[in-house]
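In case you want the letters, here they are:
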Amino acid sequence: MSRNREVADRLEEIARMLEILGENRFKVIAHEKAARAIADLPQDVADLDAKQLEAIDGVGAKIAAKIVQYANTGDMTEHAELRAKVPEGLFELMNLPGLGPKTVSLLWKDKHITDLAGLKRIIDDGSIMDLPRMGAKTVQNIKDAIEFNASAGARLPLGVAMPVAEAIVERIRKVEGVKKIAFAGSLRRGKETIGDIDILCAASDPDAARDAFTRQPEVIKVLAAGESKSSVRFSLSSLRLADLGGDAAAVQVDLRLVPEASWGAAMLYFTGSKEHNVRLRERAQKNGWTLNEYGLYPESDDPTPPQHRGAKAIAGKTEEQVFEQFGLPFIPPEIREDRDELSLKTTPRLIELDDIKSELHAHTTASDGRLSIDELATLAHARNFHTIAVTDHSRSSFQANGLDEDRLRAHIKRVRAARVKGIAILTGSEVDILPDGTLDYDDDLLAELDVVVASPHASLSQDPKKATARLLKAIEHPLVHILGHPTGRLLPARKGLEPAMPELIAAAKEHNVALEINAHWKRLDLRDTHVRQAVEAGCLIAIDCDVHRAEHFDNLRYGVLTGRRGWLPPEQCINTWSKARLHAWLKEKRAS
DNA sequence: GCCGTTTTCGGCCCGACTGTTTTCAGTCG
């Protein structure tokens, strides 16, 4: 199994420890950058030699040697040496918002604080105030941070953050003088989880917008309220907490007030990713320009920022304008991750919500769904889909009221008899892939179905080798069309299977099986990086909602965002195909 | 520690806000 995550974690920890020790900050950045590069690598880092490692952007001779050592021995000398010097508890202190390396280092050196308990102790006895630059407000902020961290901490799933952001945007949009407002950040990029919500606003009366923002009833604490940036802690307690998949009770929301003329530069800047922005700035420098959130300006020796000395921007009103100055096409937000997008010559045609014309993974009351066959088909038709597949659970998913063979045969008859004008209703099953890779029904029954989605549901912590063999066996099965939620992960808690993804992708391509992006925001499985690998390999992708209730159709946009993050073009997604093409493809697996 | 169409040294993205200070350090994104 890929050891990329382990290696990346160690490099990341080295960076944190160097930071606490006050080492050269560029050395810190170098380790962070290398960690990210390794985490994003499609192939297993342990399979690469030093030369191949050094070919990775951000990895030089020294870091390559550390990785090779780790791959061979399971140790990383520098990491171990630093860990001997730096107490482990300092990591949790660094994670507190507002506490950085300087303060943590000071706490450690001056007050011998090595963990959260120690920090709480010197806050309580007041001795923390002995430290330089430590006043009553700073101490209160640290106390708040500790409390916030305990109650929330975790990142918010995309499907929870998106409706919250949209609600805030619509609320502030109504404020007098607001001209433009939109969310940016990782939310706009469609990341599977969100650290905080960034909202941009251009207004003729910025004070009114800021006040409306900071005075929302859900605001627990105003963290900052300056000229251009306000930041609040926003309560989520009005949401169904059970749906949050954790105990995230609040989220940080930032409002950035920007001049209308800088809208494009600001959207670019606050959409990120950070790494994408750094690349753009480097490119600006090479061209003799400087890029900030106000615009793209000619470089100057004047230390005053260009926007303050009235310099005329080369570009900045729209994102398109800025990209154009760089000789770049418009880069869709979802792929701004510094993963080769700045080499693009034209804007790639990525999949869009309107491209989707079918739903091939849906449940009815026959198993654990809430909808009848007719209701399901009617809802699908209302979305302008030409096809809906009824794929209830198979017998081993007893917790989901899976159908045994007799019930499935009866169900097939009902599905075939169902008629909703304007939409084709297909018979199918979401058949369990048992731990050994065999399917939950016999082949003669599977052959009667129009659509077979094979998914893992149980034994989701089996070891990677077994998981790979299990899923490969399902992909190689001649009657399987779609591999459903391939890893079975659940955000944020359940890791799911960790199969060798390149092997699955190669097999799926060979056997003409589509890999599913399950659009539910708790799944998003395949995940973005896997989608990218599958797309590059020429593998087919399905984006399905795994519908159990009417509102699950609304999750489609999260699946599409994940597809876009994986650079998925519409033609590679079977749900975009015409009815004739899709049905012909489904039948291919029934012909032989 | 990494990198190079100014290439083996000398750079390395840029600005806002807070809380502490009396001009700025630390943190964040």
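Quantities reported herein were computed from a predicted structural model and do not represent experimental measurements.

Analysis parameters
Residues numbered from 1 in each chain as written. Chains lettered and ligands numbered in written order. Predicted model: local features only at pLDDT ≥ 70, side-chain atom pairs only at ≥ 80, totals over all residues. Heavy atoms only, no water. Helix = DSSP H or I, 4+ residues; strand = E, 2+ residues; numbered from the N terminus. Rg over C-alpha atoms; globule rule 2.2 N^0.38 Å. Buried < 20%, exposed > 50% of the residue type's maximum accessible area, 1.4 Å probe, protein only. Pairing = 2+ DSSP bridges. Axes fitted to C-alpha atoms, helices over the stretch in contact; angles between N-to-C directions. Contact = heavy atoms within 4.5 Å. Core = buried A, V, L, I, M, F, W, Y, C linked by side-chain atoms within 4.5 Å. Near = heavy atom within 4 Å. Polar contact = N/O pair within 3.5 Å; in protein donor to acceptor, adjacent residues only side chain to side chain. Nonpolar A, V, L, I, M, F, W, Y, C, P; charged D, E, K, R; others polar. Domains from an automatic or database assignment. Buried area = accessible area lost by both parts, 1.4 Å probe. Salt bridge = Lys/Arg side-chain N within 4 Å of Asp/Glu carboxyl O. Phe/Tyr/Trp six-rings, centres within 6.5 Å; stacked < 30°, edge-to-face > 60°. Lys NZ or Arg CZ within 6 Å of the ring centre and 35° of its normal. 1 Å grid on protein atoms, 1.4 Å probe; cavity = no way out; pocket = protein on both sides within 12 Å on 5 of 7 lines; lining within 4 Å. Points joined across faces, edges and corners; volume = space filled by probe spheres on them.

A tally of helices and strands in chain A yields 23 helices and 16 strands. Scaling as 2.2 N^0.38, a compact globule of 592 residues should have a C-alpha radius of gyration of about 25 Å, and chain A matches this with 26 Å. Along the first, second and third principal axes, the C-alpha atoms of chain A reach 75 × 60 × 50 Å. Evaluated residue by residue, chain A yields a buried proportion of 52% over its 592 residues.

Let us look at the sheet that holds strand β5 (residues 219-225). Sheet architecture is open: five strands sit in the order β2-β4-β7-β6-β5, paired in mixed fashion. Among the strands making up the open sheet, the edge pair consists of β2 (178-183) and β5. Geometrically, the sheet is characterised by an average inter-axis angle of 20° between neighbouring strands, direction not taken into account. Pairing between strand β4 (residues 196-203) and strand β7 (residues 250-257): six bridges, direction parallel. Counted as the bridge partner of Asp-198 is Asp-254 from β7. Relative to β4, helix α13 (residues 263-271) is tilted by about 175°, and along the sheet it contacts β2, β4 and β7.

What follows deals with the nonpolar core. Ranked by internal contacts, the top residues of the largest apolar core, which has 62 residues, are Ile-388, Ile-425, Leu-515, Ile-543 and Leu-568. Look past the residues within four positions of Ile-425 in its chain and what remains in contact with it is Ile-373, Ala-377, Ile-388, Val-390, Val-415, Ala-418, Arg-419 and Val-420. Counting 45 residues, the second largest nonpolar core, distinct from the first, contains Val-59, Leu-90, Leu-96 and Val-104.

Close to DNA strand B lie 51 residues; Thr-103, Arg-133, Gly-135, Tyr-269 and Arg-281 are nearest. Sugar and phosphate atoms constitute 75% of the interface atoms of DNA strand B, taking the interface as everything within 4 Å of the protein. For DNA strand B, a phosphate oxygen lies 2.8 Å from a polar atom in the backbone of Ala-225. The set of elements that each furnish at least two residues to the surface near DNA strand B consists of α2 (25-39), α4 (61-73), α7 (101-111), α9 (136-151), β5, α14 (274-286) and β8 (289-292). Within the surface near DNA strand B, the residues separate by chemical class into 21 nonpolar, 17 polar and 13 charged.

So, about the domain arrangement of chain A. Partitioning chain A into structural domains gives domain 1 (4-145), domain 2 (156-173 + 180-256), domain 3 (264-343) and domain 4 (353-591). Distance between the C-alpha centres of domain 2 and domain 3: 25 Å. Between domain 2 and domain 3, the residue contacts involve eleven residues of the former and eleven residues of the latter. Buried surface at the junction of domain 2 and domain 3, summed over both partners, amounts to about 920 Å²; 59% is from carbon and sulfur atoms. Of all residues in domain 2, the largest losses of buried area upon contact with domain 3 belong to Arg-188, Arg-189 and Leu-200, amounting jointly to 70% of the total for that side. Across the contact surface, domain 2 and domain 3 share two salt bridges. In this structure, the salt-bridge partner of Arg-188 is Glu-319, at a minimum N-O distance of 2.9 Å. Between domain 2 and domain 3 we count five residue pairs in polar contact (both at pLDDT 80 or more) in total. At the level of secondary structure, the elements contributing two or more residues to the side of domain 2 that touches domain 3 comprise β2, α11 (185-188) and β4. The element best represented in the side of domain 2 that touches domain 3 is α11, accounting for three residues. Looking at the side of domain 2 that touches domain 3, its residues break down into four nonpolar, two polar and five charged.

Okay, the sheet that holds strand β11 (residues 387-393) next. The parallel open sheet is built from seven strands, whose spatial order is β10-β11-β12-β13-β14-β15-β16. A strand with exactly one partner marks an edge of an open sheet, and here the two such strands are β10 (358-359) and β16 (541-544). Pairing geometry for β10 and β11, over two bridges, is parallel. Bridge pairing in β11 links Ser-358 to Thr-387. Relative to strand β12 (residues 424-432), helix α17 (residues 405-417) is tilted by about 160°, and along the sheet it contacts β11 and β12. Lying over the sheet, helix α23 (residues 579-591) contacts β10, β11, β12, β13 (451-455) and β15 (514-518), oriented at roughly 45° with respect to β12.

A word on the packing of aromatic side chains. Within this structure, the stated rule accounts for five aromatic pairs. Between the aromatic rings of Trp-289 and Phe-326, the centroid separation amounts to 5.7 Å while the plane-to-plane angle is 70°, which identifies the pairing as edge-to-face. Taken as a pair, Trp-289 in strand β8 and Phe-326 in the loop between α15 (319-325) and β10 lie far apart in primary sequence, 37 residues in all. This pair shows no difference in class: Trp-289 is buried, exactly as Phe-326 is. Relative to Phe-553, the ring of Phe-385 has its centre 6.4 Å away and its plane inclined at 55°; by these criteria the two rings are tilted. Remark: Phe-553 occurs in the loop between β16 and α22 (556-565) and Phe-385 occurs in the loop between α16 (373-382) and β11; sequence separation between them is 168 residues. The residues Phe-385 and Phe-553 share a single accessibility class, namely buried. Above the plane of the ring of Trp-567 lies Arg-532, whose end atom (NZ or CZ) is 4.0 Å from the centre. Here Arg-581 stacks its cationic end above the ring of Trp-577, 3.9 Å away from the centre of that ring.

Quick look at the pattern of salt bridges now. Inspection of every chain in the model, using the stated rule, returns 39 salt bridges. Among the ionic pairs, Asp-9 bridges to Arg-5, the shortest N-O distance being 2.9 Å. Linking Asp-9 with Arg-5, this pair stays in helix α1 (residues 4-20), spanning four residues, or about one helical turn. One network of salt bridges, with partners in common, ties together Glu-12, Arg-16, Glu-19 and Glu-32.

Within this structure, the stated rule accounts for two cavities of 30 Å³ or more. For the largest cavity, the calculated volume is near 50 Å³. The residue makeup of the lining of the largest cavity, split by class, is five nonpolar, two polar and one charged. Around the second largest cavity, the lining residues are Gly-190, Lys-191, Glu-192, Arg-489, Leu-524, Arg-527, Asp-528, Thr-562 and Arg-565.

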